[in-house]
Amino acid sequence: MKEFFPIIRSSQLFSGVSEEELTAMLSCLETRKESFPKDALLLRIGDTADAIGLVLSGSILIIQEDIWGNRNIISKAGVGQTFAAAYACAPGSVAETAVTVLYLNIKRVLHVCSSACAHHSHIIRNLLGELAEKNLRFSEKLTHMGQRTTRAKLMSYFSAEAQRLGKYEFDIPFSRQQLADYLAVERSGL
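Keep in mind it's a predicted model, so treat the numbers as computed, not measured. (Residues numbered from 1 in each chain as written. Predicted model: local features only at pLDDT ≥ 70, side-chain atom pairs only at ≥ 80, totals over all residues. Heavy atoms only, no water.)

With respect to the side chain of Thr82
Here is step 1 of the chain: Here Thr82 lies in strand 6 (residues 82–83).
Here is step 2 of the chain: Within polar-contact distance, the side chain of Thr82 engages the side chain of Glu130 at 2.3 Å.
Here is step 3 of the chain: Here Thr82 is in contact with Leu13, Ile52, Gly53, Leu54, Ala77, Glu130 and Lys134, once residues within four sequence places are set aside. (Helix = DSSP H or I, 4+ residues; strand = E, 2+ residues; numbered from the N terminus. Polar contact = N/O pair within 3.5 Å; in protein donor to acceptor, adjacent residues only side chain to side chain. Contact = heavy atoms within 4.5 Å.)

Have a look at this one:
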């Protein structure tokens, strides 16, 4: 697990945590590490999840799929980013690449342990900040999807990305099909 300490410490969830504190926290939070191959389903709708996932390597897509197989990409999580935090169960998570995940027991995160360590309040503050940021990103996605035409949806998305990154030239983090699923448009329209 020590090989992943730099990634864990650089994540928003563990922002401001020293290496000594991290060692104690990982034990206290009942963490477990799992690896998945590409295209593996990490969580399905209806699964009971008792943990927040932190991507240690690879990337995942948070998707919502209806009974007819129509996919909607909610978001993407890469190295150092969390998933399933909002309600300890994402609508669905698929490994976009081979991925290694650190799971943190949500009950241990939210409830202060018997030793009343200060680590819990620190990680709860970080978790709240991360959830607020994801909520804003979701609201931004709704703005893109609310546009009437495919062109307007794309321009809204590109404008927001350029503004967020502070430059006019950037890489789109999705494939063509993934971008169509994210913006809820037909791929042929792209």
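Moving on from the model shown.
Some thoughts on the pairing of strand 3 (residues 51–57)
Here is step 1 of the chain: For strand 3, a buried count of six out of seven residues is recorded, marking the element as mostly surrounded by other parts of the structure.
Here is step 2 of the chain: With six bridges connecting them, strand 3 and strand 8 (residues 99–105) associate as antiparallel partners. The residue of strand 8 that forms the bridge with Val55 is Val101.
Here is step 3 of the chain: Sheet topology places strand 3 next to strand 6; two bridges connect them, and they run antiparallel. Opposite Gly53, over in strand 6, you have Phe83 as the bridge partner. (Buried < 20%, exposed > 50% of the residue type's maximum accessible area, 1.4 Å probe, protein only. Pairing = 2+ DSSP bridges.)

Some details on the pattern of salt bridges
When the charged atoms of two side chains lie near each other, side chains of opposite charge can form a pair.
Here is step 1 of the chain: Scanning the entire structure with this criterion turns up seven salt bridges.
Here is step 2 of the chain: Note that Glu161 and Arg164 form a salt bridge whose closest N and O atoms lie 2.8 Å from each other. One end of the pair, Glu161, and the other, Arg164, are both in helix 5 (residues 150–165), three residues apart, so they sit about a helical turn from each other.
Here is step 3 of the chain: One network of salt bridges, with partners in common, ties together Arg137, Glu140, Glu161 and Arg164. (Salt bridge = Lys/Arg side-chain N within 4 Å of Asp/Glu carboxyl O.)

Topic: the packing of helix 4 (residues 119–145) against helix 5
Here is step 1 of the chain: Where helix 4 meets helix 5, the closest approach of the two axes is 8 Å, and the angle between their N-to-C directions is 150 degrees. Seen from helix 4, the contacting residues are Arg137, Glu140, Thr143, His144 and Met145; seen from helix 5, they are Lys153, Ser156, Tyr157, Ala160, Glu161 and Arg164.
Here is step 2 of the chain: In the contact of helix 4 with helix 5, the residues fall into three nonpolar, three polar and five charged. (Axes fitted to C-alpha atoms, helices over the stretch in contact; angles between N-to-C directions. Nonpolar A, V, L, I, M, F, W, Y, C, P; charged D, E, K, R; others polar.)

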